[in-house]
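Letter by letter, the chains look like this.
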Amino acid sequence: MGTGRLEAFSDGVMAVAITLLVLDLHASPEAGSSLAHQLVSEWPSFAAYAVSFFIIGIIWVNHHALMALVARVDRVLLFVNLVLLLFVTTIPFTTSTLAAYLREGGADARVAVLLYGISMEGMAVSFTVILAHLVRHQLMHEPVDPATGRRAVRRFGLGTLVYPLIVLVGLVSAPLMLLLYAVLAGFYVVEQTPILGRADRG
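Description of the structure in this document. Source: prediction; values computed, not measured. The numbering scheme is per chain: residues are counted from 1 as the chain's sequence reads. Local features are withheld for residues below a pLDDT of 70 in this predicted model, meaning they are given only at 70 or higher, and side-chain atom pairs are given and counted only at 80 or more; totals for whole chains, interfaces and linings count all residues. Hydrogens and water are ignored here; the side-chain numbers use all heavy atoms of the structure.

### Describing the overall build of the chain
Line of reasoning, step 1. Within the chain, the secondary structure is distributed over nine helices and zero strands.
Line of reasoning, step 2. The C-alpha atoms of the chain give a radius of gyration of 18 Å, which matches the 17 Å a tight globule of 202 residues would have.
Line of reasoning, step 3. For every residue, the accessible area (1.4 Å probe, protein chains only) is compared with the maximum for its type, and the residue is labelled buried under 20%, exposed over 50%, or partly exposed between those bounds. In the chain, which comprises 202 residues, the share counted as buried stands at 44%.
Line of reasoning, step 4. Between two residues, a contact is recorded if the distance between any of their heavy atoms is within 4.5 Å. Long-range pairs, those at least 24 residues apart, make up 81% of the contacts in the chain between residues at least 6 apart in sequence.
Line of reasoning, step 5. Computed by Shrake-Rupley with a 1.4 Å probe, the accessible areas treat only the displayed protein chains as cover when residues are assessed. Element-wise, carbon and sulfur atoms account for 68% of the exposed surface of the chain, whose accessible area totals about 10,300 Å².
Line of reasoning, step 6. Between the mean site of the 12 positive side-chain charges and the mean site of the 13 negative ones, the chain shows a separation of 14 Å. Per the convention used, a helix needs a DSSP run of H or I reaching at least four residues, while a strand needs a run of E reaching at least two, with both numbered from the N terminus. Only the C-alpha atoms count toward the radius of gyration. The rule for a globule is 2.2 Å times the residue count to the power 0.38. A residue counts as positive if it is Lys or Arg and as negative if it is Asp or Glu; His and the chain ends are not included. One atom stands in for each charge, and that atom is NZ of Lys, CZ of Arg, CG of Asp or CD of Glu.

### Remarks on a nonpolar patch on the surface
Line of reasoning, step 1. Note on patches: the residues involved have over 30% relative accessible area and no salt bridge, like charges join within 9 Å, and the nonpolar side chains Val, Leu, Ile, Met, Phe, Trp and Tyr join within 5 Å. Any Lys or Arg side-chain nitrogen found within 4 Å of a carboxyl oxygen on Asp or Glu counts as a salt bridge. On the surface, Leu114, Leu165, Leu168, Leu171 and Val172 cluster together to form a nonpolar patch covering roughly 490 Å² of accessible area.
Line of reasoning, step 2. Note on placement: leucine 171 falls in the loop between α7 (158-170) and α8 (174-190).
Line of reasoning, step 3. Accessibility expressed as a relative area gives 32% for leucine 171, which makes it partly exposed.

### Digging into the side chain of serine 126
Line of reasoning, step 1. When you line up the elements, serine 126 lands in helix α5 (residues 106-136).
Line of reasoning, step 2. Look at serine 126 and you get buried, because its relative accessible area is 5%.
Line of reasoning, step 3. Between N or O atoms, a polar contact is any pair within 3.5 Å; within protein, one atom must be a potential hydrogen donor and the other a potential acceptor, and residues adjacent in sequence are included only when both atoms are from side chains. A distance of 2.7 Å separates a polar atom in the side chain of serine 126 from the backbone oxygen of glycine 122.
Line of reasoning, step 4. Once you skip the residues sitting within four places of it in the chain, serine 126 turns out to touch Val80, Val83, Leu84 and Phe87.

### Looking at the packing of aromatic side chains
Line of reasoning, step 1. For this analysis, a ring pair means two rings from Phe, Tyr or Trp (six-membered ring only for Trp) whose centres lie within 6.5 Å, classed as stacked if their planes differ by under 30 degrees, edge-to-face if by over 60, and tilted for the remaining angles. For the structure shown, the criterion picks out six aromatic pairs.
Line of reasoning, step 2. Ring plane angle 45° and centroid distance 5.9 Å describe the contact between tyrosine 49 and phenylalanine 53, whose orientation is recorded as tilted. Here the residue tyrosine 49 and the residue phenylalanine 53 both occupy positions in helix α3 (residues 43-69), the gap between them amounting to four residues, near one helical turn.
Line of reasoning, step 3. Between the aromatic rings of phenylalanine 187 and tyrosine 188, the centroid separation amounts to 5.2 Å while the plane-to-plane angle is 75°, which identifies the pairing as edge-to-face.
Line of reasoning, step 4. Judged by its relative accessible area of 28%, phenylalanine 187 is partly exposed.
Line of reasoning, step 5. Feature note: the residues Tyr49, Phe53 and Phe54 constitute an aromatic cluster, connected by ring pairs.

Dropping the structure here:
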C-alpha cells in the first residue's frame, strides 16, 4: 500500500484539530468589560492557542517529511499512525482545559498541566515509534544502515525526554511551561534529522 490514503486521512484529522483550537477564543460586547480588557484577561487562552496551533502545524510538517520517505505502508504503521492522530485530536481539549484553569492555580491547574503533557508526550512517542518502525522494517525508499537509523531515531525522539521535564516545570509555573513548549516547537521548526532531509531531494 502507498501513503496516499494514510496522508489524506491524517491531513484531514490534523486540519480539524487545528481548526477546533480557535473555537475556544471568545470576546463579547455582553461581557461587561471593554474588548481590550477581555483580550488581556483572556491571555491564557490566546497563549495556549498560539502554542498549540504551532505544535499541530509542526506535527503536520514533520508527518509530511516522514511520509515522503515511505516506500510502502504496512498494517503496523497504519495503527501507530492512528495512535499519533489519537493524541493530536486531544490537543484542542487539553489546550482549552489548560487555558481555563491556568489562572485559577491549585490542584485543578496541575491536573490540566498533566493532561496537556500527556497529549504532548503521547504525540512525541508515537512519532518516534513511526520513525523507528520505518527504519527497522526498511519501509523507506532509501533504507539506512542500523547505526544511522538508531542515531536518527534518538535525535528525532528528543521530545519524548524533554516533554516530561517541561511538565514538571508546569506543575510549578504553567506560563513558564507554555514558554518552554514554544521553545521546543521552535527547535522542531529548525531541526532537520538527516534522514528526513532526503524528502527535500525527492
